[in-house]
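# Observations on the three-dimensional arrangement
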Amino acid sequence: QVQLVESGGGLVQAGGSLRLSCAASGRTFSSYGMGWFRQAPGKEREFVASIRWSTGSTYYADSVKGRFTISRDNAKNTVYLQMNSLKPEDTAVYYCAVGSSSRITSPYDYWGQGTQVTVSS
């Protein structure tokens, strides 16, 4: 069993920054990687970024490339999403997930409860 707890969301002005955290507990070492997804009202959940445990390789959606950075702290079993130059279109509930580094949702085994990010113009 794996538990994921996200934190760090909030309200920020356009151009600002936030750092999301995803703390994992349980059998995370057997997982392949972790990812961040987001879901805006009325839209499907979309891929944001992911990281593969074995190589540290990172992957990003085109819409956030150059602005967001995914990183990990193995000692703390935590994955971070540093979000800079935020735009109103980044407004969504952000979810972390464990089990893959895929750009689609189905390979992931566990999901966090989500954290709201709101970017005002």
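Structure: see above.
Everything in this summary refers to the structure shown in the same document. (Residues numbered from 1 in each chain as written. Predicted model: local features only at pLDDT ≥ 70, side-chain atom pairs only at ≥ 80, totals over all residues. Heavy atoms only, no water.)

The subject of this paragraph is the sheet that holds strand 1 (residues 2–7). Pairing in this open sheet of four strands is antiparallel, and the strands run 1-3-8-7 from one edge to the other. With one partner strand each, in any of the chains shown, strand 1 and strand 7 (68–73) form the two edges of the open sheet. Here the average twist between neighbouring strands, direction ignored, is 15°. (Pairing = 2+ DSSP bridges. Helix = DSSP H or I, 4+ residues; strand = E, 2+ residues; numbered from the N terminus. Axes fitted to C-alpha atoms, helices over the stretch in contact; angles between N-to-C directions.)

What follows deals with unusual backbone geometry. Of note in this structure, N77 is not a glycine but carries a positive phi near 50°. Locating N77 in the fold gives a position in the loop between strand 7 and strand 8 (78–83). Even without a glycine there, the phi angle at S85 is positive, about 50°. Within the fold, S85 resides in the loop between strand 8 and strand 9 (92–98). By relative accessible area, which is 41% here, S85 ends up partly exposed. (Buried < 20%, exposed > 50% of the residue type's maximum accessible area, 1.4 Å probe, protein only.)

Let us look at the environment of K76. Following the sequence through the fold, K76 ends up in the loop between strand 7 and strand 8. The class for K76 is exposed, based on a relative accessible area of 56%.

On to the pairing of strand 8. Along strand 8, five of the six residues are buried, which leaves the element largely enclosed by surrounding structure. Judged from the six bridges that link them, strand 3 (residues 18–26) and strand 8 form a sheet pairing that is antiparallel. Paired with L18 across the strands is M83, a residue of strand 8. With six bridges joining them, strand 7 and strand 8 adopt antiparallel strand pairing. Paired with T69 across the strands is Q82, a residue of strand 8. From the end of strand 7 to the start of strand 8, which pair antiparallel, there are four residues, and N77 there has a positive phi angle of about 50°.

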